[in-house]
Amino acid sequence: MNEKRTYDLQYLNKISAGDEAFVRDMIQQFINEAPQVLLEISEYMDQKRWQDMYQTLHRFAPTLDFIGLNNIHDLVLTLEKRSFHQEELDKVPEDLVQLTDHCLKAIEDLKEDFDL
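Residues numbered from 1 in each chain as written. Predicted model: local features only at pLDDT ≥ 70, side-chain atom pairs only at ≥ 80, totals over all residues. Heavy atoms only, no water.

## As for unusual backbone geometry
Applicable threshold: Only DSSP runs of H or I reaching four residues or more are called helices, and only runs of E reaching two or more are called strands; each is numbered from the N terminus.
A positive phi angle, close to 55 degrees, is found at Ala17, a residue other than glycine. Turning to its location among the elements, Ala17 is positioned in the loop between helix 1 (10-16) and helix 2 (20-46). Not every positive phi belongs to a glycine, and Lys48 is a case in point at roughly 60 degrees. Turning to its location among the elements, Lys48 is positioned in the loop between helix 2 and helix 3 (50-67).

Below you can see the structure in the form of structure tokens.
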């Protein structure tokens, strides 16, 4: 595994009680689903469908916690708040780029570290 990981599987390992297959399944699920979810969020932003964006972010947040993307937790909460209250919407595109970049880097790292 690389030294500077974008993820922390401590929580996932804890709840799996040592079940490596479960951990790999959760990682694979994240790798498979995250790009589509991020695309949906981006489309909702482009279409100004703020409630749909909020709901998708809200459902996606626990997945990020499972994978241990802790350093973007606050960013996701900020995006949820902005989309829910429809405030500071001019900052949403930049925030979404940061979220997407971090998730894609985590996917890259997970694929490399777990030979997926």
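## A short note on the side chain of Glu80
Let me state the cut-off plainly: Exposure classes here rest on a 1.4 Å probe applied to the protein chains alone. A residue is buried below 20% of its type maximum, exposed above 50%, and partly exposed in between. Within this scheme the basic residues Lys and Arg register as positive and the acidic residues Asp and Glu register as negative, but His and the chain ends are omitted. Salt bridge, as used here, is a side-chain nitrogen of Lys or Arg placed within 4 Å of a carboxyl oxygen of Asp or Glu. Residues are treated as being in contact if the distance between any of their heavy atoms lies within 4.5 Å.
Tracing the backbone shows Glu80 in helix 4 (residues 73-85). Put simply, Glu80 is tucked away with no salt bridge, and the nearest opposite charge, on Arg59, sits 10 Å away. If sequence neighbours within four positions are ignored, Glu80 has contacts with Tyr54, Leu57, His58 and Ala61.

## Thoughts on the packing of helix 4 against helix 5 (residues 92-113)
Defined as follows: Fitted lines through C-alpha atoms give the axes, limited to the stretch in contact for helices. The angle between two N-to-C directions lies from 0 to 180 degrees. A clockwise turn of the near helix away from the far one marks a right-handed crossing, whereas an anticlockwise turn of less than a right angle marks a left-handed crossing. Classes in brief: Ala, Val, Leu, Ile, Met, Phe, Trp, Tyr, Cys and Pro nonpolar; Asp, Glu, Lys and Arg charged; the others, Gly included, polar.
Taken N-terminus to C-terminus, the directions of helix 4 and helix 5 make an angle of 145 degrees; their axes are 10 Å apart at the nearest point. Note that helix 4 runs across helix 5; the crossing there is left-handed. Between helix 4, through Leu75, Val76, Thr78, Leu79 and Arg82, and helix 5, the contact on the second element is made entirely by Val92, Asp95, Leu96, Gln98 and Leu99. When its residues are assigned to classes, the contact of helix 4 with helix 5 shows 6 nonpolar, 2 polar and 2 charged.

## Focus on the packing of helix 2 against helix 3
What counts, and what does not: To sort the angles, those under 35 degrees are grouped as roughly parallel, those over 145 as roughly antiparallel, those from 65 to 115 as roughly perpendicular, and the leftovers as oblique.
Two numbers describe how helix 2 lies on helix 3: the axes approach to 10 Å, and their chain directions differ by 160 degrees. In terms of orientation, helix 2 and helix 3 fall into the roughly antiparallel class. Where helix 2 crosses over helix 3, the handedness of that crossing is left-handed. Residues Met26, Ile27, Phe30, Ala34, Val37, Leu38, Glu40, Ile41, Tyr44 and Met45 of helix 2 pack against Trp50, Asp52, Met53, Thr56, Leu57, Phe60, Thr63, Leu64, Phe66 and Ile67 of helix 3. Its residues assigned to classes, the contact of helix 2 with helix 3 comprises 16 nonpolar, 2 polar and 2 charged.

## Description of a nonpolar patch on the surface
Formally: By definition, no residue in a patch forms a salt bridge, and every one has over 30% relative accessible area; like charges are joined within 9 Å, nonpolar side chains (Val, Leu, Ile, Met, Phe, Trp, Tyr) within 5 Å. Note on areas: these come from Shrake-Rupley sampling with a 1.4 Å probe, and a residue is covered only by the protein chains present in the view.
On the surface, a cluster of nonpolar side chains totalling about 270 Å² of accessible area is made up of Tyr11, Ile15 and Phe22. Tracing the backbone shows Ile15 in helix 1. Judged by its relative accessible area of 38%, Ile15 is partly exposed.

## Things to note about the packing of aromatic side chains
Quick reminder of the rule: Pairing of aromatic rings covers Phe, Tyr and Trp, the last counted by its six-membered ring, and requires centre-to-centre distances within 6.5 Å; plane angles under 30 degrees mean stacked, over 60 mean edge-to-face, and any other angle means tilted.
Enumeration according to the criterion identifies 2 aromatic pairs in this entry. Ring centres 5.7 Å apart and planes at 35 degrees place the aromatic pair Tyr11 and Phe66 in the tilted group. Of this pair, Tyr11 sits in helix 1 while Phe66 sits in helix 3, and the two are 55 residues apart along the sequence. Tyr11 gets classed as partly exposed once you look at its relative accessible area, which sits at 45%. Their ring planes at 55 degrees and their centres at 4.8 Å tell us that Tyr54 and Phe84 sit as a pair that is tilted.

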